[in-house]
Amino acid sequence: MFVPRPIPSTRGAKVAMIDLEHLRQNPDLYRTAIARKRIPLDLDVLLAAETKLRLLRQELEQLRNKRNRLTEQVAKNAAKTKAPATAEDAANSECNPYAEIDTDTLIALSRTTGDEIATQQAQFETTEREFERLVALIPGLPCLGVPDGVSDDDNVELRRWGEAKTFPFAQRDHMEL
């Protein structure tokens, strides 16, 4: 049974060696490779996790954008109390949905949005870990001429270079040494 090596995760770095766009466009190639290499991976689960991850990333960015606009409006409201409103402020308030809301309500909305971001971030990180675990199982595409096999004994020797050395002692593998 195939057991992948653990891949050290570095924050922000992607561990995928397979082009996900190619995987999305040609899932049957990868299904065949998964079956030929006997890897315990359901490609549909991986593709669903990838789609969910993209949607969660989008939602997180929207929430962060909302929080930034709320914070910006709180700062503008604080500045309004110190200085009179200008014509530019009136023009900007027409396109800003938070312009007419008082500061206390904006702060409460900002805190609520922050809580939503924390919840979404936790869900995103959980989904991302699961996705990275599944991506590590995706095999490379085997060449068409390579025969399938269960063990190393099924490998086909194409050519041999030179003579195999013989030693006057019993050979031991590196684990015995």
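As the structure is a computational prediction, the values presented were derived from the model and not from experiment.

### Here we look at the overall build of the chain
And then number 1: Regarding its fold elements, the chain presents five helices and zero strands.
And then number 2: Along the chain, from the amino end to the carboxyl end, the secondary structure elements read α-α-α-α-α.
And then number 3: Here the chain, with 177 residues, has 24% of them falling under the buried criterion.
And then number 4: A separation of at least 24 residues holds for 81% of the contacts in the chain among residues at least 6 apart in sequence.
And then number 5: As displayed, the chain has an accessible area near 13500 Å², and 55% of this comes from carbon and sulfur atoms.

### Focus: unusual backbone geometry
And then number 1: Even without a glycine there, the phi angle at Arg38 is positive, about 55 degrees.
And then number 2: Tracing the backbone shows Arg38 in the loop between helix H2 (27-36) and helix H3 (43-82).
And then number 3: Under the relative-accessibility criterion, Arg38 is labelled partly exposed at 46%.

### Things to note about the confidence of the model for the chain
Atom-level detail of predicted coordinates should not be read off regions where pLDDT is low.
And then number 1: Predicted confidence across the chain gives a mean pLDDT of 82, with 81% of residues reaching 70 or more.
And then number 2: Within the chain, no element has a lower average pLDDT than helix H4 (residues 87-95), which sits at 56, and none a higher one than H2, at 93.
And then number 3: Counting contacts from residues 6-11, a segment whose pLDDT is below 50, to residues more than four positions away or on other chains yields seven contacts.

### Comments concerning the packing of aromatic side chains
And then number 1: One pass over the full model with this rule turns up one aromatic pair.
And then number 2: Ring geometry for Phe167 and Phe169: centres 5.5 Å apart, planes at 35 degrees, overall tilted.

### Comments concerning the pattern of salt bridges
And then number 1: Applying the stated rule across the entire model yields 10 salt bridges.
And then number 2: Salt-bridge contacts for Glu72 lead to Lys76; the nearest nitrogen and oxygen are separated by 3.6 Å. One end of the pair is Glu72 and the other is Lys76, both in helix H3 and four residues apart, which spans about a single turn.
And then number 3: Classification of Glu72 by relative accessible area gives partly exposed; the value is 46%.
And then number 4: Assessed through its relative accessible area of 34%, Lys76 is described here as partly exposed.
And then number 5: For Glu157, the salt bridge is made with Arg160, and the minimal N-O distance between the two is 3.0 Å.

### A few points about H2
And then number 1: When H2 is considered as a whole, its buried residues turn out to be Pro27, Tyr30, Ala33, Ile34 and Arg36.
And then number 2: Remark: Arg38 follows H2 within two positions and exhibits a positive phi of approximately 55 degrees.

About the cut-offs
Residues numbered from 1 in each chain as written. Predicted model: local features only at pLDDT ≥ 70, side-chain atom pairs only at ≥ 80, totals over all residues. Heavy atoms only, no water. Helix = DSSP H or I, 4+ residues; strand = E, 2+ residues; numbered from the N terminus. Buried < 20%, exposed > 50% of the residue type's maximum accessible area, 1.4 Å probe, protein only. Contact = heavy atoms within 4.5 Å. Areas by Shrake-Rupley, 256 points an atom, 1.4 Å probe, with all protein chains shown as cover. pLDDT = per-residue confidence, 0-100. Phe/Tyr/Trp six-rings, centres within 6.5 Å; stacked < 30°, edge-to-face > 60°. Salt bridge = Lys/Arg side-chain N within 4 Å of Asp/Glu carboxyl O.

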